[in-house]
Amino acid sequence: MLFSIFVPIYNTEKYLLECLNSIANQTFDDYEVILVDDGSTDSSGKICDDFCATHNKFKVFHKQNEGALKTRLFGRDKAIGKYFVSIDSDDYVDTYMLEILKNKLTEFNYPDIVCFNMYKVVDGLIVPQTISFKEQKIYKDENLAQIYEEALTTYKFNSMCTKIIKTSLLKSDNTNYTENYRNLGEDIIMSLFPIFNAKAILLIENALYFYRQNTNSTTHKPIELKDIDKYNMVELIELKLDYINKYNLKSYLKNHVLVSCIRNLKEIFIRSGLYAQKQKKIKDFIVYDWNTFFPYNYTIHNIKKDINKLKMTDRLVVNAIKSKSVLLTKFVLLMYKIFYKTQKF
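Parameters at a glance
Residues numbered from 1 in each chain as written. Predicted model: local features only at pLDDT ≥ 70, side-chain atom pairs only at ≥ 80, totals over all residues. Heavy atoms only, no water. Helix = DSSP H or I, 4+ residues; strand = E, 2+ residues; numbered from the N terminus. Buried < 20%, exposed > 50% of the residue type's maximum accessible area, 1.4 Å probe, protein only. Contact = heavy atoms within 4.5 Å. Areas by Shrake-Rupley, 256 points an atom, 1.4 Å probe, with all protein chains shown as cover. Salt bridge = Lys/Arg side-chain N within 4 Å of Asp/Glu carboxyl O. Pairing = 2+ DSSP bridges. Right-handed = clockwise from strand over helix to strand, strands pointing away. Lys, Arg positive; Asp, Glu negative; His and termini not counted. Polar contact = N/O pair within 3.5 Å; in protein donor to acceptor, adjacent residues only side chain to side chain. Core = buried A, V, L, I, M, F, W, Y, C linked by side-chain atoms within 4.5 Å. Axes fitted to C-alpha atoms, helices over the stretch in contact; angles between N-to-C directions. Parallel < 35°, antiparallel > 145°, perpendicular 65-115°, else oblique. Nonpolar A, V, L, I, M, F, W, Y, C, P; charged D, E, K, R; others polar. Phe/Tyr/Trp six-rings, centres within 6.5 Å; stacked < 30°, edge-to-face > 60°. Lys NZ or Arg CZ within 6 Å of the ring centre and 35° of its normal.

Per the secondary structure count, the chain includes 13 helices and 10 strands. Every one of the 345 residues in the chain was classed for burial, and the buried ones make up 51%. Excluding contacts between residues fewer than 6 apart, the proportion of contacts in the chain whose partners are at least 24 apart in sequence is 83%. Accessible surface computed for the chain: about 17,100 Å², of which carbon and sulfur atoms make up 51%.

Here's what the structure looks like:
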């Protein structure tokens with residue numbers, strides 16, 4: 001079997017059938033579909049049961065809610081196809097996706113990973129999306145260093161849904177993923193191991209995936225202050241820095257990772273809506289040890305240098321947080337929130 005398609009499911013009854021039908025209608029049929037219901041409380045579980053009853057390539061597993069990463073690991077362990085394909089249950093794929101990928105695999109002698117582009121769907125409309133991969137190219141040997149750098153410093157390789165990976169490569173990952181890797185960043189966390197251990201990575205310009213920007217998804221819903229420690233920003237930064245050291249990559253990449261850390265910190269503040277929280281809770285979080293976010297003991301010089309590389313709005317947020325002033329931080333975040341809502345993405 002060539003493809004194992006994994007679909008993690010949690011309360012996506014509104015979009016689930018569109019996702020499943022886009023898979024069932026593929027023009028290439030050498031595949032299995034592994035549906036994993038991560039403790040849904042809506043009708044998603046029943047939709048899966050009914051669909052599997054009439055589609056023999058599909059099978060469903062129901063389990064208690066454990067979060068995105070553990071659900072993906074569960075699906076990986078069930079896969080028997082040569083390549084592992086991830087599709088989120090509120091998204092859908094091109095009818096010719098598997099056929100196109102099969103042809104690319106044959107043409108390039110079955111590389112370990114194939115990455116492709118996606119469309120964004122907002123309110124049912126397909127909107128222009130920045131193209132991550134503008135040309136078809138195979139990377140091997142010393143050329144892989146370019147992929148490593150981009151994986152660590154850009155968003156091109158973050159999503160598990162815009163790449164297929166050899167199942168054997170994924171299963172060879174013995175990383176002990178803890179509860180710290182529960183929510184944000186689980187895609188890139190699981191992507192780094194295969195990217196850094198692949199012998200050949202193919203990039204193609206085809207857009208095969210339709211990503212629905214859903215305001216109820218994990219990546220768009222507000223963050224509760226009490227859950228802030230579950231969002232694995234620090235662990236992700238440390239993991240990226242470990243790869244830089246292990247593979248002897250250029251030292252300037254550490255500064256890129258630091259800037260990413262600062263931006264992620266800002267996003268956590270913005271998305272958690274701290275300006276609307278009680279002042280005591282805000283103060284408790286603001287005075288949290290700043291050094292936690294710089295696990296490799298960056299010098300003051302480097303911190304200042306990299307903060308200065310940020311956009312003005314980013315610098316304001318970071319400096320407000322560093323000041324540990326509750327009123328200043330609330331004011332800056334409120335101003336940024338207003339600014340943020342006026343921007344078009």
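Further remarks concern the pattern of salt bridges. For the structure on display, the rule yields 9 salt bridges. Three or more residues joined by partner-sharing salt bridges are found here, namely Asp38, Lys63 and Glu66.

All right, on to the pairing of strand β1 (residues 3-9) then. With 7 of 7 residues buried, β1 is to be regarded as a mostly interior element. Taking every second residue as pointing to the same face, both faces of β1 are buried, with Phe3, Ile5, Val7 and Ile9 on one and Ser4, Phe6 and Pro8 on the other. Across 7 bridges, β1 lies against strand β2 (residues 31-38) in parallel orientation. By the bridge assignment, Ile9 is partnered in β2 with Asp37. For the crossover that starts at β1, traverses helix α1 (residues 16-24) and ends in the parallel β2, the hand is right-handed.

Structurally, Lys163 can be placed in strand β9 (residues 163-166). We note that Lys163 is buried and unpaired, the nearest opposite charge coming from Asp187 at a distance of 6.7 Å. From its side chain, Lys163 meets the backbone oxygen of Phe157 in a polar contact 2.8 Å long. From its side chain, Lys163 meets the backbone oxygen of Ser159 in a polar contact 2.6 Å long. Contact partners of Lys163, with chain neighbours within four places excluded, come to Phe84, Ile113, Val114, Cys115, Phe116, Phe157, Asn158, Ser191 and Ile195.

This next bit is on the nonpolar core. Ranked by size, the top nonpolar core spans 40 residues in total, and within it Phe157, Ile195, Phe196, Ile201 and Leu203 carry the most contacts. The element that contributes the greatest number of residues to this core is helix α7 (residues 186-197), accounting for 7 residues. Excluding its chain neighbours within four sequence positions, the residues that come into contact with Ile201 are Ile113, Cys115, Lys137, Ile138, Tyr139, Leu144, Ile147 and Ile195. By size, the runner-up hydrophobic cluster in this structure holds 34 residues, among which are Leu16, Phe28, Leu101 and Phe116.

With that settled, the discussion passes to the pairing of strand β3 (residues 58-63). Here 6 bridges tie β2 to β3, and the two strands are oriented parallel to one another. Note that in β3 the partner of Ile34 across the bridge is Lys59. Chirality of the crossover, the property in question, places the unit of β2, helix α2 (residues 44-54) and β3 among those that are right-handed.

The next point concerns the packing of helix α5 (residues 144-153) against α7. It is the contact of α5 with α7, at a shortest axis distance of 11 Å, that shows an interaxial angle of 170 degrees. Relative to α7, the element α5 is oriented roughly antiparallel. Contacts from Ile147, Tyr148, Ala151 and Leu152 of α5 reach α7 at Ile188, Leu192, Ile195 and Phe196. Each residue belonging to the contact of α5 with α7 can be placed in one class, and the counts come to 8 nonpolar, no polar and no charged.

We note that Asn11 has phi near 50 degrees; this positive angle belongs to a residue other than glycine. Tracing the backbone shows Asn11 in the loop between β1 and α1. Asn11 gets classed as partly exposed once you look at its relative accessible area, which sits at 29%.

Applying the stated criterion to the full structure yields 13 aromatic pairs. The interplanar angle of 15 degrees and the centroid separation of 4.4 Å between the aromatic rings of Tyr148 and Phe196 together place this pair among those described as stacked. Of this pair, Tyr148 sits in helix α5 while Phe196 sits in helix α7; the two residues are 48 residues apart in sequence, bridging distant segments of the chain. For the pair shown, Tyr148 and Phe196 are each scored as buried. Taken together, a centroid distance of 6.1 Å and an interplanar angle of 20 degrees make the contact between Tyr243 and Tyr247 stacked. Within the aromatic cluster, the residues linked to one another by ring pairs are Tyr148, Phe196, Tyr243 and Tyr247. Cation over ring: Lys57 sits above Tyr31, and NZ or CZ is 5.0 Å from the ring centre. One Lys or Arg, Lys82, reaches over the ring of Tyr110 and ends 4.4 Å from the middle of that ring.

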